Amino acid sequence: MRARIEAECKTELEEKAKLIALHEAMLKAGVVPAAQAAPANTSEARPAQQSASSQNAWQSAQQSREKKEMCDRLSRNLQSNRNRQRQGGGAEAMDKLNQERRDLERSFSDFECG
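Worth saying up front: this structure is predicted, and the values here are computed from it rather than measured.

Trainee: Hey, could you run me through the pattern of salt bridges in this one?
Mentor: Tallied over the full model, the rule gives six salt bridges. Close ionic contact of glutamate 105 with arginine 101 constitutes a salt bridge, the shortest N to O distance being 3.1 Å. Of this pair, glutamate 105 and arginine 101 both sit in helix α3 (residues 91-110), four residues apart, roughly one helical turn. Overall, the relative accessible area of 35% leaves glutamate 105 in the partly exposed class. The partner of arginine 106 in a salt bridge is aspartate 103, with the nearest N and O atoms 3.1 Å apart. Placement of the pair is arginine 106 and aspartate 103 together in helix α3, with a separation of three residues, close to one helical turn. Take arginine 106: its relative accessible area is 46%, and that puts it in the partly exposed class.

Listed below in structure tokens is the structure:
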């Protein structure tokens, strides 16, 4: 039982590291969580700006897809964490699960996923 829980914790920590790396890559690429995003410009684009406008629209759509992917992954990880907490375990394992849950919830909130 303990080995299984430790293996699950290791898998979750690896997934968490991947999420953090993805989050950092998104920030480097200019994709920011909605909580940190600047308000959109509502003025109409001039003909010379239409190309830039279509590029911005494509980037916005790409950001939306990436955000949805991130939110779906965070949601799955939160559900997995809850299931492992229900299974119980030693104090150290539960402390790790609680810290992981807090980190996942913080990321979930940062991306305004729910």
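Trainee: When you look at the state of the cysteines in this model, what are you seeing that I'm missing?
Mentor: Put plainly, a disulfide is one covalent bond tying together the sulfur atoms of two cysteines. Following the criterion strictly, the structure yields one disulfide and no others. Here cysteine 71 engages in a disulfide with cysteine 113; their sulfurs sit 2.0 Å apart. With the S-S bond torsion at -75°, the cross-link from cysteine 71 to cysteine 113 turns out left-handed. Placement of the pair is cysteine 71 in helix α2 (residues 50-87) and cysteine 113 in the segment after α3, with a sequence separation of 42 residues.

Trainee: Mind showing me how you'd approach the nonpolar core here?
Mentor: Among soluble globular proteins, nonpolar side chains are generally buried collectively. Grouped together as the largest cluster of nonpolar side chains are nine residues: Leu19, Met26, Met70, Cys71, Leu74, Leu78, Leu104, Phe111 and Cys113. Within the residue set of this core, elements represented by two or more residues are α1 (2-28) and α2. Residue contacts for leucine 78: discarding those within four places in its chain leaves Arg101, Leu104, Glu105 and Phe108.

The rules behind the values
- Residues numbered from 1 in each chain as written.
- Predicted model: local features only at pLDDT ≥ 70, side-chain atom pairs only at ≥ 80, totals over all residues.
- Heavy atoms only, no water.
- Salt bridge = Lys/Arg side-chain N within 4 Å of Asp/Glu carboxyl O.
- Helix = DSSP H or I, 4+ residues; strand = E, 2+ residues; numbered from the N terminus.
- Buried < 20%, exposed > 50% of the residue type's maximum accessible area, 1.4 Å probe, protein only.
- Disulfide = S-S within 2.5 Å.
- Core = buried A, V, L, I, M, F, W, Y, C linked by side-chain atoms within 4.5 Å.
- Contact = heavy atoms within 4.5 Å.

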